[in-house]
Amino acid sequence: MKHRSYQIEFSLPPPPSAAGRRSLRAWLATTLVLLAAIPAMAIATPDERFVAELRVRGLFELAESYCRRRWQDSKLAPEYRIRLAVELARTCADHALASPPAARPALWEEAHQVAAQAEREFADHSRVVLVTLQESLTWLAQGEVAREEARPGGDPQAIDRATEALRRAARTLDRVQSQLETQLRQVRLSQRVDDDALTEPELAALQRNAAYQLGRVFRSQALCYPPESLDRINSLDQAIEQLSPVARLPRADDLVWNCRLEIAACLRLKNTHQQGDQMLRDIVAMEDCPSWVATLAKAESIRLRLDIGQLDEAMQLAAPAPENSGRDSAELEFVRLEAHLAAAEAARQSGDTQRAGSFAQQAAEILRRIDASGSAYWLRRAEVALARASGVPGNDLEALARAAVGLYRGGQLAEALAAYQRAVEEAESVGATDRALELAMTAAAIVHEQGQLMEAAGRYRSAAVSYSAEPMAAQAHLLAIVAAAEQARNASADQHDAQLAQYAALLKEHLQHWPQAHSAGDVRWWLGRLNESQRNWVEAISAYREVPVEHQRFGDAVQTLRGSYRQRLEELRASGMPIERVAQEAIVWFEQVSNVAGQLAGEDAAALRLQSATAAAEFAMAMPDGYGRAQQILSASLSAAGPGAPPEAVAEASSLLVVALAALGRTDEAARLMDGAAGTSLSQQVAMLDALLQLPAGPSQAAERQVGEVALAAVSRIEPRQDELTERDRRMFLRGRAAALAAAGDMDQAIRAYEQAIEHYPADGGLHESLLNLLASAEDSASLRRAVSLARQVEQKSEPRSARWFRARLMQADALCRLGEKPEAAKLIRLTQVLHPELGGPEMKPRFEALLARCQ
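These figures come from a predicted structure and were not determined experimentally.

1. What about the packing of helix α36 (residues 781-797) against helix α37 (residues 803-818)?
Remark: α36 packs on α37, axes separated minimally by 8 Å, with the N-to-C direction vectors making an angle of 155°. Taken as axis vectors, α36 and α37 run roughly antiparallel relative to one another. The crossing of α36 and α37 is left-handed. Listed contacts from α37 to L784, A787, V788, A791, R792, V794 and E795 of α36 are R804, W805, A808, R809, Q812, A815, L816 and R818. Of the residues contributing to the contact of α36 with α37, the split by class is nine nonpolar, one polar and five charged.

2. Quick word on the pattern of salt bridges
Counted under the stated rule, the structure contains 48 salt bridges. A salt bridge links E571 to R568; the nearest nitrogen and oxygen atoms lie 2.7 Å apart. Taken as a pair, E571 and R568 lie in helix α25 (residues 554-574) at a separation of three residues, close to a single helical turn. The class of E571 is partly exposed, set by a relative accessible area of 35%. R568 sits in the buried class, given a relative accessible area of 17%. Here R809 makes a salt bridge to E795, at a shortest N to O gap of 3.1 Å. Of this pair, R809 sits in helix α37 while E795 is found in helix α36, placing the two residues 14 residues apart along the sequence. The residues R809 and E795 share a single accessibility class, namely buried. When salt bridges that share partners are traced, they join E48, E79, R83, R127 and E202 into one network.

3. What about the packing of aromatic side chains?
This model, assessed by the stated rule, comprises nine aromatic pairs. With a centroid separation of 5.3 Å and an interplanar angle of 40°, the aromatic rings of F334 and W378 are classed as tilted. Of this pair, F334 sits in helix α14 (residues 329-349) while W378 sits in helix α16 (residues 376-388), placing them 44 residues apart in sequence. In this structure F334 comes out as buried when scored by relative accessible area, which is 1%. Classification of W378 by relative accessible area gives buried; the value is 6%. Measuring from ring centre to ring centre gives 6.1 Å for Y565 and F590, while their planes differ by 65°; the resulting arrangement is edge-to-face. Residue Y565 is found in helix α25, and its partner F590 is found in helix α26 (residues 580-598); the two are separated by 25 residues along the sequence. Given a relative accessible area of 0%, Y565 falls into the buried group. Aromatic ring contacts, followed pair by pair, group Y565, W589, F590 and F619 into a single cluster. Against the face of W257 rests R260, its NZ or CZ located 4.8 Å from the ring centre.

Reading the values: the criteria
- Residues numbered from 1 in each chain as written.
- Predicted model: local features only at pLDDT ≥ 70, side-chain atom pairs only at ≥ 80, totals over all residues.
- Heavy atoms only, no water.
- Axes fitted to C-alpha atoms, helices over the stretch in contact; angles between N-to-C directions.
- Helix = DSSP H or I, 4+ residues; strand = E, 2+ residues; numbered from the N terminus.
- Parallel < 35°, antiparallel > 145°, perpendicular 65-115°, else oblique.
- Left-handed = near helix turned anticlockwise from the far one by under 90°.
- Contact = heavy atoms within 4.5 Å.
- Nonpolar A, V, L, I, M, F, W, Y, C, P; charged D, E, K, R; others polar.
- Salt bridge = Lys/Arg side-chain N within 4 Å of Asp/Glu carboxyl O.
- Buried < 20%, exposed > 50% of the residue type's maximum accessible area, 1.4 Å probe, protein only.
- Phe/Tyr/Trp six-rings, centres within 6.5 Å; stacked < 30°, edge-to-face > 60°.
- Lys NZ or Arg CZ within 6 Å of the ring centre and 35° of its normal.

Next comes the structure, spelled out in structure tokens:
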């Protein structure tokens, strides 16, 4: 039977949309290698185009896999492999920037390892400088992300990571500039250039690019230091020094414009606002100023006015107007957002709550426009800015949710959780309980991701119980169970029981609230497993019986339930309680499952039908006079099985039918069935032999011998292959062979078989006792003398006052009595009675007393 698979599904903060990833790539164009700045490399290879398209679509894993395979192909030309190494490192960095904080370290590390390997392998190749440049820019991107995470409320150690990454970026860029200078001198001194070497225009373009990127590194370093500190001023001066030669070039390409904008930003950060403002005006006034540059200049102008407290002027510049929708327009929208948040905060502090709310609502609308623009980078920054602003509109649910997502992506976990809580409360206040549950689950997932299992379990559970009527509530509660189970597995010894009790309580609570949910099938299975591990057979049986037929674990539940019923019957027998009610319950249940499975199609269903019928027959045979019912169940199920039934299930049912037929005295049928049985495993044959020998005594000695003959037939099938038996089955077989010989009436061979078994397993008290029983049942004095000796050995090796110890004493006294040594036998019984007045309990005491009476 084919069962539907079930997966736990929940949402972490959503990844950037496809459109968002496209804009992220545009932003990365200024962060990673600008290959278009190198004329001879402007035409991308097919591999580069393919990988770039995968990055655009956010298929980072596929892009990385493709790059790894291609770049490790040693048959490719060195120049081509260098370009592939750059693409792989770039893709890993791109992937890191688009990933949650926990996933970034491994991606950064791979980007660095790829660069290091390529630099070693192609150390003498002129184009390896491209790999080194990419390595520097990976460090720059890593430093900028860490700097963002170090903002107020963020990771306190992030600023140290940021400064270290930026220092590495600066050192690597210094190395790039040195290599480029060396190569330029070599090219200028020689008229001949190798076919695959960088040309002079390419080297000059790379020099300008390296200067621009080093300027960006210094500006990022400046932002790691306190405002107006000497370290900040020094870093900004170094940035301007690197950027200025490129910014003054008369022929302005994109790189030149970017350098001019960077200098304006550095002037603002130095608090030389008048110079910065004038430079921005000059940039916009240039005749060939592109529209995208004017857009970014406007954004920088707004920042400048916000810095110097000219809020009204900043808001005038931020007023909606038709803008260029090109590659960087999302940055202007972000600055507009900052302006509106600042205006909302100013209005709030002045007591004008209505105006503050209006600005906050406009900020939320700007956030939606940034999302629509497809810029994942600016969207993330906007979400974080919105979350940190005290003027976030309390009645804008989606703005709160986006703010929480941004904080999470930025590594601000504590702030993210607080923002999610605000969003949950807002969702609940407007009656959006489905959204409230979703947001609460996401917050719990963040905690779970951090390894805080008990807090995660509590959050999942609270969300599920609070919104129990929502369709996702059962799923949320299931995640609480998963977290609690993980906590219990990892708990220390002194905490394990308490954690396990909490796990059990969650399982039961789930079934109380959502008994009809699909997840209830999983929970019933887990509850059964838990009770089984604790040997609580009644509760395990109850849980397993409730696993739905359509559940993927139903077949496992049927098999496991069979074992639980066996254990329960053993438990009842050991305590002297009747087993009939429990055995009858098991028979009825397994017969019902067999009938249901018979209405289904497929190999799994056929196996389930036979297995269930076999289980029902097994428990029928545990009942007084239940062999007839067992034979009927098994015969009917085997007849209905058909040729396509699984061989293992058929073999198991056939083996049990052999036992039932033998118990009914139909030994000829049993022998024929055993001879014709195919597919019966050695283990099943040993189990069948054991079951035959466990049958109750027949109505006559002849009937018992017939069963013994059937058992010997089983022995003859197993014996040639006994070397293949497992240790457990081998012990069972040796015992069974001796018992079968005894049942068939061949006492001498049986005694020798027991002695051989004892040679293999000298510490097996059961084997010694079985041989003792056999010797004690004999009539000749020699056997009885051996029985007395062996009884003494068994007594000495048994735990004093154990059941076996008392049985050995009783058989010793019985053998002595039958040998005519009645005074000695009576003396042994009286001594036992003095030492242990109860004589082994209510079952053994009457036997001792009856034997004592015979010895008088």
